[in-house]
Amino acid sequence: MEVLLFGIAKDIVGKSEIRFSETDELPGSVGDLKRLLTASYPEFGKLSSLAVAVNSEYATDAVFLTKDDEIAIIPPVSGG
Amino acid sequence: MEKLTIEIVDHIDSANVYSELSHPQSGGICVFVGAVREFTNNEEVVALEFETYKNMALKEMEKIALEAMEKWELNKVLIRHAVGAKKVEEPVVVVGASSAHRTACFEASRFLIDTLKEKVPIWKKEIFKNKSVWVSAHP
């Protein structure tokens, strides 16, 4: 499972993606992923918002994750 | 000609937009151009750097354009955002619409830029002389 990182999320983690290996315990849902991430990198808890996209659509915390999904962390957007 | 123009590009040429939105049934054409401003909170900005999650950003931009076309009677809609480093006065985003009468394109253009800023996965970093800041990241 790979999780893409953008903007400040990339700076917090220090790379542009997080890779979970076969042996890692995979987050089962968007909510699990957010909890896991915030536990490992407390800086995520300080952001104005933290969204997750699954297969390039915004996903609620209840959405389940599978290893084939394209998952991305969406920190507060600031286009325009 | 396509009714919708949705693009993420390296460089915006705002001079082309008028002809892109021109349409025989449109008596009104509105364009909003967002550009790099020199000062943020009295601090001099050297440049802005934009990055995007491109395939999702294009999808979100298309949704916004389609929503605008449901709300107003528009003949053409355009949303174009630039990525990469942009200097002061350079255009970074352009949105616009054309319609039979002016009210629809004025209102739609406002909706396009406001919704883009709220939903589209694009991130802006302000580069100052001694630091850089991801805009809106923290409360």
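Everything discussed here concerns the structure shown above.
Just so we're clear, the structure is a prediction, and the values are computed from it rather than from any experiment.

Here we look at helix α2 (residues 54–71) of chain B
Compared with the 26 Å implied by 1.5 Å per residue over 18 residues, the 26 Å span of α2(B) between its first and last C-alpha is a close match. When we look at burial in α2(B), the residues that qualify are Met56(B), Ala57(B), Glu60(B), Met61(B), Ile64(B), Ala65(B) and Ala68(B).

Considering the interface of chain B and chain A
Listed by partner, the interface residues are 29 residues for chain B and 23 residues for chain A. Roughly 2,100 Å² of surface becomes buried between chain B and chain A when both sides are summed, with 52% attributable to carbon and sulfur atoms. For the chain B face of the interface with chain A, the top three residues by lost area are Tyr53(B), Met56(B) and Trp123(B), together amounting to 28%. Scanning the region where chain B abuts chain A turns up three salt bridges.

Details of the environment of Val46(B)
Residue and element names in this part refer to chain B. The topology assignment puts Val46 in strand β4 (residues 43–52). Given a relative accessible area of 38%, Val46 falls into the partly exposed group. Those residues in contact with Val46, other than ones at most four positions away along the chain, are Lys87, Val88, Ile127, Phe128 and Lys129.

Some words on the pattern of salt bridges
Counted according to the given criterion, the structure contains 15 salt bridges over all chains. One salt bridge connects Glu17(A) with Arg19(A), and the closest N-O pair in it is separated by 2.7 Å. Residue Glu17(A) is classed as partly exposed on the basis of its relative accessible area, which comes to 23%. Residues participating in the shared-partner salt-bridge network are Glu57(A), Lys59(B), Glu60(B) and Lys63(B).

Quick notes on the layout of surface pockets
For the largest pocket, the calculated volume is near 240 Å³. If you trace the largest pocket, you find 15 residues lining it, with Gly80(A), Ala35(B), Arg37(B), Leu48(B) and Lys124(B) closest to the centre. Of all the elements, strand β2 (residues 28–35) of chain B adds the most residues to the lining of the largest pocket, at three residues. Considering only residue class, the lining of the largest pocket consists of eight nonpolar, three polar and four charged.

Some points on the sheet that holds strand β1 (residues 2–5) of chain A
Pairing is mixed across the open sheet formed by five strands, whose spatial order is β2-β1-β5-β3-β4 (chain A). Because the sheet does not close on itself, it has two edges, and the strands there are β2 (17–19) and β4 (57–59) of chain A. Taken over all neighbouring pairs, the strand axes of this sheet differ in orientation by 30 degrees on average, direction set aside. When β1(A) meets strand β5 (residues 71–74) of chain A, the two strands line up parallel, connected through three bridges. Note on β5(A): the bridge partner recorded for Val3(A) is Ile71(A). Docked against the sheet, helix α2 (residues 30–40) of chain A engages β1, β2, β3 (51–54), β4 and β5 of chain A, running at close to 130 degrees with respect to β3(A). Against the sheet, α2(B) engages β3, β4 and β5 of chain A, with an angle of about 95 degrees to β4(A).

Considerations on helix α3 (residues 102–119) of chain B
Between its first and last C-alpha, α3(B) extends 26 Å over 18 residues, near the 26 Å set by a 1.5 Å rise per residue. Contacts made by the buried residues of α3(B) are with β2, α2, β5 (76–82) and β7 (91–99) of chain B.

Details of the environment of Ser99(B)
Residue and element names in this part refer to chain B. Mapped onto the elements of the fold, Ser99 is located in strand β7. On the basis of relative accessibility, which here comes to 1%, the residue Ser99 falls in the buried class. Each C-alpha atom, one on Ser99 and one on His11, is 26 Å from the other, the two residues being 88 residues apart in sequence. Among all residues touching Ser99, those that are not within four sequence positions of it are Gln25, Ser26, Gly27, Gly28, Glu73, Leu74, Asn75, Ala104 and Cys105. Among the polar contacts listed, one links the side chain of Ser99 to the backbone oxygen of His101, at a separation of 2.7 Å.

What counts and what doesn't
- Residues numbered from 1 in each chain as written.
- Chains lettered and ligands numbered in written order.
- Predicted model: local features only at pLDDT ≥ 70, side-chain atom pairs only at ≥ 80, totals over all residues.
- Heavy atoms only, no water.
- Helix = DSSP H or I, 4+ residues; strand = E, 2+ residues; numbered from the N terminus.
- Expected span 1.5 Å × (residues − 1).
- Buried < 20%, exposed > 50% of the residue type's maximum accessible area, 1.4 Å probe, protein only.
- Contact = heavy atoms within 4.5 Å.
- Buried area = accessible area lost by both parts, 1.4 Å probe.
- Salt bridge = Lys/Arg side-chain N within 4 Å of Asp/Glu carboxyl O.
- 1 Å grid on protein atoms, 1.4 Å probe; cavity = no way out; pocket = protein on both sides within 12 Å on 5 of 7 lines; lining within 4 Å.
- Points joined across faces, edges and corners; volume = space filled by probe spheres on them.
- Nonpolar A, V, L, I, M, F, W, Y, C, P; charged D, E, K, R; others polar.
- Pairing = 2+ DSSP bridges.
- Axes fitted to C-alpha atoms, helices over the stretch in contact; angles between N-to-C directions.
- Polar contact = N/O pair within 3.5 Å; in protein donor to acceptor, adjacent residues only side chain to side chain.

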